[in-house]
Amino acid sequence: MRAFFIFNTLLLSIILSLSVTAQEPDEQLILKNFHSISSGDISDWMAELCSPKYNGRLAGTPEYVASAEWVAGKLKEWGIKPAGDDGSYYQWFDLPFTVVNDTGSLQLHIPQKEGTEIVKSYQAPVEYYPGMNSGSGEVTAEVVFVGYGMTAPELNYDDYRGINVKGKIVLMNRDVPYKDVRNPEYAKWVKYCYHQYKVENAARHGAAGMLYIDGNSANPNISYIDSMIVCGIGPAPLADIFAGLGKNNLTVTAQIDKSLQASSFSTGRIMTIKANTTRHPEGRTCNVAGIIEGSDPVLKDEAIIIGAHLDAVGNGGGLLVQGGLDNASGVIDIMAAAKALAVSGIKLKRTILFLFTGGEEAGLLGSKLYTANPIFPLEKTVIYVNLDMVGNGTGLAVSASSSCAALTEYFVAANNRYIHRPMRVSASEGSFYGRPRSDGLVFLAKGYRTMDISTTDGVKPVWYHLPGDDATAVTPEIMEDVAKLTYLAFIEIANADPISY
Ligand SMILES: [Zn+2]
């Protein structure tokens, strides 16, 4: 018994010393490449992706494709193999787009005595935002408030019931009156949340124009209808429309939300919306996909996917949104980790797929395309990790679906050992019945284990879908740490054998 114990101890120490000697060069290699991840690269790449030559990387445009080619060129330079269509880095799809030629105008006609009027003009982008998928033209008409712009007979709810909007301008809110996205009941309402639905429903009812109370920022995720002039409306014109009516949008929508009954009415206000756009039905766009192939003969068939959307919201007729935080930050965090992993020569048993999606801002189209045409089958995919707006703050956060909560431990360990940032870790709160608003939720809905990496405690203002979101909207130091964290955790996940979720 004693001899057996000694033998076992001896064996254990031999194994340990072997594994230490085997691990040591790797550890050095890992650290050397860890330190090669630099905020210098990150700042250079941020300047590149936010360059005016890409014109806000609107999916569908040739400028977006040029940005995709730049990213693919970097993957190639680092020896990351193409994983897209026909041996290329790209997964292509058709995506018509709209060029906004100028900011157009929004005006209120204020009647005076004896048939005269004062015309009040509003300023873009603070008071209104041009519709990023508006038809081109001009409409002058009465404004009709239509709540949430939805017609749902099965829910006994219709914002257009008993109200005539033919040739008029409809004014509506985003979302729906039912708010509890964690309640299965929400599933009955969700299809009415989509911007596409709202503009199409307005057109079905004969409206000629649409004022959308939608955060007053660039929104390309809306249907194009030739005859429909659309613009986003800010607080000032909204207040003018309601002035003197004894109510405002908040009080009316609070009543609608409480009663789940529509409360539409003609405001009596006459407004003019002008839009100058050009539609491009020939638009085409792509995801960019590259892999580092696994070294293990069996485990290489399993893939870890890390993704970020490369597209941004484009140029609203001179209102150029370069998409620095949203989402050059996520793309560049991944690029920095990818470069370190690829050039390091560190052996990875599993395959890592780097996926940069297009058309996220037009309705999560790139992730829908990927999940319908996966490069690795779902059952061979370890996890999809999403990075969106990851580059403003001093803290880190990792949030996993409950199906892979244990994988967050690799990130915690990497942070504790080498990075030392405050870090929040969470598992998903369970079912979600709302409109998906990130690529990660598209993957989750298709049955993938998913994780989001994000940054917390923002130190800069967030210019969401506004011209302020440029290369200066991020902090390269936190991006460097996100890349380092990803790099370290991915080495561990790629080599975990067995892996436990
Ligand atoms: Zn985004």
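Residues numbered from 1 in each chain as written. Predicted model: local features only at pLDDT ≥ 70, side-chain atom pairs only at ≥ 80, totals over all residues. Heavy atoms only, no water.

On to unusual backbone geometry. Residue Ala124 is joined to Pro125 through a cis peptide bond whose omega torsion reads 5 degrees. Checked against the element boundaries, Pro125 lands in the loop between β4 (117-121) and β5 (128-130). The peptide bond linking Asp497 to Pro498 adopts the cis configuration, its omega dihedral lying at 5 degrees. Counting through the fold element by element, Pro498 comes out in the segment after α11 (476-495). For Asn156, which is not a glycine, the phi torsion comes out positive at approximately 55 degrees. A relative accessible area of 45% means that Asn156 is categorised as partly exposed. Even without being glycine, Met389 reaches a positive phi, approximately 60 degrees. Along the polypeptide, Met389 turns up in the loop between β16 (381-387) and β17 (395-400). Judged by relative accessible area, Met389 falls into the partly exposed class, the value being 24%. (Helix = DSSP H or I, 4+ residues; strand = E, 2+ residues; numbered from the N terminus. Buried < 20%, exposed > 50% of the residue type's maximum accessible area, 1.4 Å probe, protein only.)

So, about the coordination of the zinc ion. Protein coordination at the zinc ion comes from His309 (NE2), Asp326 (OD), Asp388 (OD) and Asp388 (OD), with a distance range of 2.0 to 2.7 Å. Its four donor atoms give the zinc ion angles of 50 to 146 degrees at the centre, a pattern that matches the irregular case. Counting along the primary sequence, the residues that act as donors to the zinc ion give the motif H-x16-D-x61-D. In this pair, His309 is assigned in strand β14 (residues 303-309) and Asp326 in helix α7 (residues 324-344), connecting sequence segments 17 residues apart. Across this residue pair, the class does not change: His309 and Asp326 are buried. (Donors = N, O, S within 2.8 Å, 3.2 Å for Na, K, Ca; no water. Tetrahedral: all angles 85-135°; square planar, octahedral: opposite > 155°, others 65-115°.)

Our focus in this paragraph is the pairing of β17. Among the six residues that make up β17, five are buried, leaving the element largely enclosed by the rest of the structure. As paired elements, β17 and strand β19 (residues 450-456) share six bridges and run antiparallel to each other. Within the sheet, the bridge partner assigned to Gly395 lies in β19 and is Thr456. Across five bridges, the pairing between β17 and strand β18 (residues 423-427) is parallel. Note on β18: the bridge partner recorded for Ala400 is Ala427. For the segment spanning β17, helix α9 (residues 408-419) and β18, crossover handedness is right-handed. (Pairing = 2+ DSSP bridges. Right-handed = clockwise from strand over helix to strand, strands pointing away.)

With that settled, the discussion passes to the sheet that holds strand β12 (residues 265-280). Overall, mixed pairing links the eight strands, which are arranged β4-β3-β12-β6-β9-β10-β11-β5 in an open sheet. Edge positions in the open sheet fall to β4 and β5, since each of these has one partner strand only. The average angle at which neighbouring strand axes cross in this sheet is 35 degrees, direction not considered. For β5 and strand β11 (residues 229-233), the ladder comprises three bridges, and the chain directions are antiparallel. Counterpart to Tyr129 in the pairing with β11 is Gly232. Packed onto the sheet, helix α4 (residues 195-204) meets β9 (169-173), β10 (209-213) and β11 and runs at close to 145 degrees relative to β10. (Axes fitted to C-alpha atoms, helices over the stretch in contact; angles between N-to-C directions. Contact = heavy atoms within 4.5 Å.)

All told, the structure shown has 13 aromatic pairs when counted by the stated rule. Relative to Tyr186, the ring of Tyr178 lies with its centre 6.1 Å away and its plane at 50 degrees, an arrangement referred to as tilted. Accessibility classification places Tyr178 together with Tyr186 in one group, the buried group. Ring centres 6.0 Å apart and planes at 10 degrees place the aromatic pair Tyr178 and Trp189 in the stacked group. Placement of the pair is Tyr178 in the loop between β9 and α4 and Trp189 in the loop between β9 and α4, with a sequence separation of eleven residues. Since its relative accessible area comes to 15%, Tyr178 is described here as buried. Classification of Trp189 as buried rests on a relative accessible area of 4%. (Phe/Tyr/Trp six-rings, centres within 6.5 Å; stacked < 30°, edge-to-face > 60°.)

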